[in-house]
Amino acid sequence: MVWQLEVGHTVAPDQGLPEAINPDAFDDPSTLAAFVDAVRWGAVTSADANAYQAPFRSGANVEAYQLEPLRRALQAPRTNLLLADDVGLGKTIEAGLVIQELLLRHRARSVVIVCPPSLALKWQDEMAEKFGLDFVIVNTARMAEVRRSHGLNANPFRLFPRVIVSMAWLASLRAQRLLRDIYAQTGRVNSARRFAFDILVVDEAHHVAPASPSTTGSNRGYAVDSQRTIATRELAERCEHRLFLSATPHNGHPESFTALLAMIDDRRFSRGGLIDADALRDVTVRRLKTELKDKDFHPRVVRRLPFTPSDDEQEAFAELDGLLSESARRNGRKRSGDIVAMLLKKRFLSSPYAFATTISLYESLAGGRGLPMLDDEDDYYAEVLGSDGSDEEEGELEQPEFTALRQSKGSDPLVAAAPGQISRLATWGFGFEHQPDARLTALIKFLDGICRPDGRTWSNERVVVFTEYTTTLEWIVDVLEQRGYGAVLSSIRGSTSAEEREDIRARFSEDPSIEPIRVLVATDSAGEGIDLQAHCHRLVNYDIPFNPSRLEQRIGRIDRYGQPHPPEVYHFVPVATSTTYAADLDFMGRIAEKVGTIATDLGSVNQVVDAEIQARFSSTTPRRARRAAADGNAIINQTLAGGLELNRQLTALSSTYSERKNAMHLRPANARRVVDTALRLSAQPTLVLTGDELTDADVFTVPALSPAWQPALRGLDTRLRPGAPRPITFDDRAAQGRTDLVHVHLGHPLLQKAARVLRSSLFSAESELSRVTAVVMPGLPQSCLAAVSRLVLVGRGGLRLHEEVFLTGIRIRGQAMAEAKVEALLDEALDADELILADPAVRGASAGLWNDPRSSLRSRLLAAMSTRASDRQRQVAERLIGRRDADTARAHEIFGAFRRNLTASLAALHQAEEEDSQRLFSDDQRLQRRRDVHTMEERLATLAEEERREVAAIEERYTDIRPHVSAAAVVFALNPSDVADGRLG
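Keep in mind that what you see is a predicted model, and the values were worked out from it rather than measured.

Basis of the calculations
Residues numbered from 1 in each chain as written. Predicted model: local features only at pLDDT ≥ 70, side-chain atom pairs only at ≥ 80, totals over all residues. Heavy atoms only, no water. Helix = DSSP H or I, 4+ residues; strand = E, 2+ residues; numbered from the N terminus. Buried < 20%, exposed > 50% of the residue type's maximum accessible area, 1.4 Å probe, protein only. Contact = heavy atoms within 4.5 Å. Expected span 1.5 Å × (residues − 1). Polar contact = N/O pair within 3.5 Å; in protein donor to acceptor, adjacent residues only side chain to side chain. Pairing = 2+ DSSP bridges. Axes fitted to C-alpha atoms, helices over the stretch in contact; angles between N-to-C directions. Phe/Tyr/Trp six-rings, centres within 6.5 Å; stacked < 30°, edge-to-face > 60°. Lys NZ or Arg CZ within 6 Å of the ring centre and 35° of its normal.

Q: What is the right way to look at the environment of L902 in this model?
A: Mapping L902 onto the fold places it in helix α31 (residues 857-914). Under the relative-accessibility criterion, L902 is labelled buried at 0%. Counting along the chain gives 38 residues from L902 to L940, while the straight-line C-alpha distance between them is 6.6 Å. If we skip the residues at most four places from it in the chain, L902 touches S270, M936, R939, L940 and L943.

Written as structure tokens, this is what we have:
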């Protein structure tokens, strides 16, 4: 090697205590303090489960209850959690905290998020805004872009460590081809890569669970995997840490729920197996708003909007009802007619225009093959209309409702229709195309009273209106625009692009004095993932979905964390119920009240509501309620009811949060000092203090910076006003509830960039720092000398297990000081707002004392630092070994419990086979059950080897622990009386 020819050759400076100190090279104490903070904030440990950093690297207002998933994740060797908190409690924030902490602790590098298509952009924005984490959305468009930039064989799952994939795209052939390429690289012999991705997050996870099992006669069926279920399970099996998010994870069927649980943790649960109550409690985090008594969640208010249906509306509905009943009689009261009856009535109850569009399309259809001939179509109803209905937007030709309607044409469920009767009903409905019916008239009156009470001036109040069908939405929007709402009206439907959805959400969430939008009309495509609570607390259900979970999702758009008012939920009821139309509307209103006021899990309620709605709208005989499986439901519902010791846990988490914040020296002044120091070091202008009339906290504007700093300014502008950076503050309380002020936290790109600049400069050969300073502190009881040191413990393969900044101090004239006293003195020296460098004479005296060969100052400090490092190393190593032993014992416990569970589950399934209870299963159900039994038998046979590998991986993580100690700074903290004459005496 020829040294002079090597690219970027440099000599790394000694990272120990300086041999000599130049009296003219003392650093400004504020500058050195900024460097110390940057090093301190970069130190993360795996030895202490409670020493977390993620909450301080988040722009979210983290509540104590949101720390519980993080606590559980850090206490386990592998994170497997079902985050099932109530709608609106911040599951996205909880997942972000876990992701951030696992990345910080070097327990993860790659992350994949799977979510509904409409939420991909929201996840990307929130991860960037709240945690400073960049994610790439992988879809067909991204694939084309990657191939143009990286070649035809480029795989975006290899190129980007953090990706977001929609559930719909995940199951596609194109996505599976790319993922199989990634899967092929994992688990190979002599390969260090055990997993395709380190972390998997599945949002709205109930969508990936198998659909509820269909029934035959009185026998309950067996849930069959969908392509979405299979794709998600194959991905989950190749991810180490798994977070599944859903406010409604249990649909009332244990088979479907166990399939979801097996994806979350296949070391505790098996598809189709028995549910271990203790294991379920270990993986589930479930809190309801009603349990969080001190978080000011306002109880929702469910209110009625009365209206009087017109005579022709009631007559048209009565004619439809009579036609359906007579047709059912002529068809021998076949139950296939019930689906058609409920479909048509459901759309009539939505709007005359939706009904007219549907029945006219039905009339024009060619005869289909007929609906499936089921002995019991309760489950077919649930899939098409009820609690298991597709969450895709209904009303379009390719959606489940219309598919069922088209198939029914072959069996002629409207056989009793007189010539021209169907056309006449359609013509009646189309007559409302550009005019309101009685219910829409009542809605307009309600909106006028809220949004423009004097008939001319718009108030600052906002309302969101939900409907189930696109045709109803278009009709409402058209009529509202005629009534002068055009400039203050927006709408979201299934065809609305992700970018446009986010623009509308941002406008609706902006201060009403800035954004004119007052009314948002949306289909259920906006029912998940869109937060509308910032400036809206009124929601109108224009129609009532037959799916209770969908209704709760609607309400969750405004009834969520950060809502300053009691959420008001409205639905329409007729003033009299003497007619069939009015009575049916009143019935659906009572369903809305039942779901709107319920405070428990919806899993058991869904089936009750399904039965009630079927009994109400059936054209044949009333039917029994769907039989729910008793086995497992009691365990599931009890666990999902929430924790009994919640208040005690929250108190402990809140205390830990405060302690960590103080230990990390997270003060607004310290953060500002780090940014300004990094800017000066990079020859950039510093922050400009401007203030803000709404807060006493310091508020700054960011000056024009060089291109190298531009990525750090990401997020200072907004989607609505790109290119217009907002002012910043380092005080999290000042930015709460405000969109015009940015909180720069540890995870914000600006502070991350600043800290990186300082850390890289601290030990650089080109650094201008001497890493020595002297501060005269009034009130300091005695002069001391302290070393700020960094201890890093590294495991096998260079895995960083622990990093900390510790202090070692000695009296300048005396022996070593107590550790706590040194820390207190140095905190006072380095955290003071005004740090003044000692005068030249004092600096000269300090350097002279250090450099004097007769002085033992350096050797005493070095000995104290070595002793302190050895003590800290021993203490941390003991904690790491304790963590290893705890993780190992926990792994043995988990595998032992799973072994017993598998044995019991197989015994139960074999007994069922002997009783031949599955003889009426369909072929696909029988095959699914056989696969599940085979999988359980294979797992049981290989469980011992799997346990051995798991324990070996845990032990390897804590093997060959090596320490690395470096001195970051030397600080002379001096008593004024000791330097009064310019000497250090």
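Q: Is there a simple way to think about helix α18 (residues 438-451) in this case?
A: Along an α-helix, residues three or four apart share an orientation, since each turn contains 3.6 residues. For α18, with 14 residues, the first-to-last C-alpha span of 20 Å sits near the 20 Å given by 1.5 Å per residue. Across the 14 residues of α18, 10 count as buried, placing the element largely inside the fold. Of all the residues in α18, the buried ones are A438, R439, L440, A442, L443, I444, F446, L447, I450 and C451. The N-cap of α18, judged by a side-chain oxygen 3.3 Å from the amide nitrogen of R439 a few residues on, is D437.

Q: Whenever I open this one, the environment of F244 confuses me. Can you help?
A: Relative to the helices and strands, F244 is located in strand β6 (residues 239-245). Accessibility expressed as a relative area gives 0% for F244, which makes it buried. For the pair F244 and M263, spaced 19 residues apart in sequence, the C-alpha to C-alpha distance is 8.9 Å. When sequence neighbours within four positions are dropped, the list of residues in contact with F244 reads L81, L82, L83, L200, V202, A205, V208, T232, L260, M263 and I264.

Q: Sorry, what's going on with the sheet that holds strand β19 (residues 784-794) here?
A: Pairing between the strands of a sheet is mediated by backbone hydrogen bonds and can be parallel or antiparallel. The strand order across the open sheet formed by 4 strands is β18-β21-β19-β20, and the pairing between neighbours is mixed. Whereas interior strands pair on both sides, the edge strands pair on one side only; in this sheet they are β18 (772-776) and β20 (800-811). Between one strand and the next, the sheet's axes are offset by a mean angle of 25 degrees, whatever the strand orientation. One ladder, built from 11 bridges, connects β19 with strand β21 (residues 962-974); its direction is antiparallel. From the neighbouring strand, L793 faces β21, where its bridge partner is P963.

Q: I'm lost on the packing of aromatic side chains in this one. Help?
A: To describe a pair of aromatic rings, you give the distance between the ring centres and the angle between the ring planes. This structure, assessed with the given rule, holds 14 aromatic pairs. Seen from their ring centres, F307 and F572 are 6.1 Å apart, and the 85 degrees between their planes marks the pair as edge-to-face. Taken together, the residues span a long stretch of sequence, with F307 in strand β8 (residues 301-307) and F572 in strand β13 (residues 568-574) at a distance of 265 residues. Here F572 falls in the buried class, since its relative accessible area comes to 6%. Ring geometry for F348 against W428: centres 5.4 Å apart, planes inclined by 15 degrees, an arrangement best described as stacked. Of this pair, F348 sits in helix α13 (residues 336-350) while W428 sits in helix α17 (residues 421-430), and the two are 80 residues apart along the sequence. Take F348: its relative accessible area is 1%, and that puts it in the buried class. Taken together, the aromatic side chains of F317, F348, F355, W428 and F432 make up a single cluster linked through ring pairs. The cationic tip of R162 hangs over the ring face of F135; the distance from NZ or CZ to the ring centre is 6.0 Å. R439 extends its terminal NZ or CZ atom over the ring of Y542, reaching a point 4.7 Å from the ring centre.

Shape descriptors only; they carry no functional weight alone.
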